[in-house]
Amino acid sequence: MEETSLQQLLLLTSLLCCTTNQASLTVSPSSSQMFKGDSVSLSCEEDDSSAGWTLRRNTTGQTRAECVKWGEAAGSSCKSNYIVPMDSGVYWCESREGATSNSINITVTDGSVILQSPVLPVMEGDDVTLHCKTKTSNLPADFYKDGSLIRTEPAGHMTIHHVSKSDEGLYKCNISSHGESPPSWITVTDKPTTTAPPPTYIAPCPVSVAPPPASATLQLVFRLVCHLVVFCLYFISTLIMVSLYRHRPTGNDLAVSMVMTPPTQAEQGLDDDYDDIIISVTTEHHF
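Just so you know, these numbers come straight off a predicted model, no measurement behind them.

Student: I would appreciate a short explanation of the pairing of strand β15 (residues 157–160) in the present structure.
Tutor: A regular strand places its side chains on the two faces of the sheet in alternate fashion. Residues Met158 and Ile160 of β15 are buried on one face, while the alternating residues His157 and Thr159, pointing to the opposite face, are not. Examined bridge by bridge, strand β12 (residues 128–133) and β15 share four bridges and lie antiparallel to one another. For valine 128, the partnering residue across the bridge sits in β15 and is isoleucine 160.

Student: Explain the sheet that holds strand β1 (residues 23–28) here, please?
Tutor: Sheet strands line up and pair through hydrogen bonds in the backbone, either parallel or antiparallel. If you walk across this open sheet you meet the four strands as β1-β3-β7-β6, and the pairing is antiparallel. Either end of the sheet is taken by a strand with one partner, and the two such strands are β1 and β6 (72–74). Each strand axis lies, on average, 15 degrees off the axis of its neighbour in the sheet, ignoring direction. Bridging between β1 and strand β3 (residues 40–46) involves six bridges; their strand directions are antiparallel. Within β3, the position partnered with serine 24 by the bridge is glutamate 45.

Student: I would appreciate a short explanation of the side chain of serine 80 in the present structure.
Tutor: With respect to the helices and strands, serine 80 occurs in strand β7 (residues 77–80). Ignoring anything within four residues of it in the chain, the contact list for serine 80 reads Asp38, Ser39, Val40 and Trp70.

Student: How do you make sense of the pattern of salt bridges when you look at a structure like this?
Tutor: Two side chains bearing opposite charge may form a pair once their charged atoms approach each other closely. Counted by the stated rule, this structure contains six salt bridges. In this structure, the salt-bridge partner of glutamate 66 is arginine 56, at a minimum N-O distance of 3.2 Å. Of this pair, glutamate 66 sits in strand β5 (residues 65–66) while arginine 56 sits in strand β4 (residues 54–59); the two residues are ten residues apart in sequence, bridging distant segments of the chain. By relative accessible area, which is 14% here, arginine 56 ends up buried. Ionic pairing is found between glutamate 94 and arginine 64, a salt bridge with its closest N-O pair at 2.4 Å. Note that glutamate 94 is positioned in strand β8 (residues 89–94) and arginine 64 in the loop between β4 and β5, a separation of 30 residues in sequence. The exposure class assigned to glutamate 94 is buried, which follows from its relative accessible area of 13%. Exposure remark for arginine 64: the relative accessible area of 39% places this residue in the partly exposed category. Where salt bridges share partners, they join Arg56, Arg64, Glu66 and Glu94 into one cluster.

Student: I'm lost on the nonpolar core in this one. Help?
Tutor: It is characteristic of soluble globular proteins that their nonpolar side chains tend to be buried jointly. Counting residues in each nonpolar core, the largest one holds 21 residues, and the members touching the most others are Leu25, Val27, Leu42, Leu55, Trp70 and Ile106. Put simply, the parts of the chain that give this core at least two residues each are β1, β3, β8 and β9 (104–109). For leucine 42, the contacting residues outside a window of four places in its chain are Leu25, Thr26, Val27, Leu55, Trp70, Ser77, Cys78, Tyr91 and Ile106. Counting 16 residues, the second-largest nonpolar core is a separate cluster that includes Val113, Val122, Cys132 and Ile186.

Criteria and cut-off values
Residues numbered from 1 in each chain as written. Predicted model: local features only at pLDDT ≥ 70, side-chain atom pairs only at ≥ 80, totals over all residues. Heavy atoms only, no water. Buried < 20%, exposed > 50% of the residue type's maximum accessible area, 1.4 Å probe, protein only. Helix = DSSP H or I, 4+ residues; strand = E, 2+ residues; numbered from the N terminus. Pairing = 2+ DSSP bridges. Axes fitted to C-alpha atoms, helices over the stretch in contact; angles between N-to-C directions. Contact = heavy atoms within 4.5 Å. Salt bridge = Lys/Arg side-chain N within 4 Å of Asp/Glu carboxyl O. Core = buried A, V, L, I, M, F, W, Y, C linked by side-chain atoms within 4.5 Å.

Written as structure tokens, this is what we have:
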């Protein structure tokens, strides 16, 4: 079981390596058509030199031929100082694991006119300039697409603004008294769509409650103390009233004593014998 898991992991790793380590083929001069006797240099622009990218080509006389059979190799680059029509074909880069890069079609002619067009596919919306050239000078040229005349340009070059899929096709040019160029296919790729970034979540700002000022705190304490005092007084008074109610006297147990002392009568025409008369009345009432 562990051996199977290890094999699957190694297979996944190798697949990832093959997909992530890519190379792009470039050519100098950047043209899909060249004259016989020109020099050309091709290079594999690689992400990882350890992948061991090698230049290969398919022509009428060779299949998957490496650089050593038709040029001078220098690492992942190849240069040919003198190209001939037999060098016309498809060129690409290939790694030791079998991964391949983009491919480039190169046409070598022994004629007197070539059409310089983009080697790589053109992105939709870009501008493309086509040059109709001779070995000596630039002359007025007629430009064709899929066999139909587009227009004639006195300067020998034509620009297509904001290319679209409808501009994809086979192009060639013709210079009077010099001849016609080989045809070249121009590929137009879709413009990559830009995806909107995911909405950014903005966390709400925390609401901080400021502590009350010192004066407010004192007022709150004072009110609390007042409430406690009032409650205590109310509680104590309630206890006293309940206690008095429980111990109140009842019925015949209540006695009232009244002592009355009449006032003395003097100097009002009474006799001296009655000056010191004191009347004491003690009355006891029972309720």
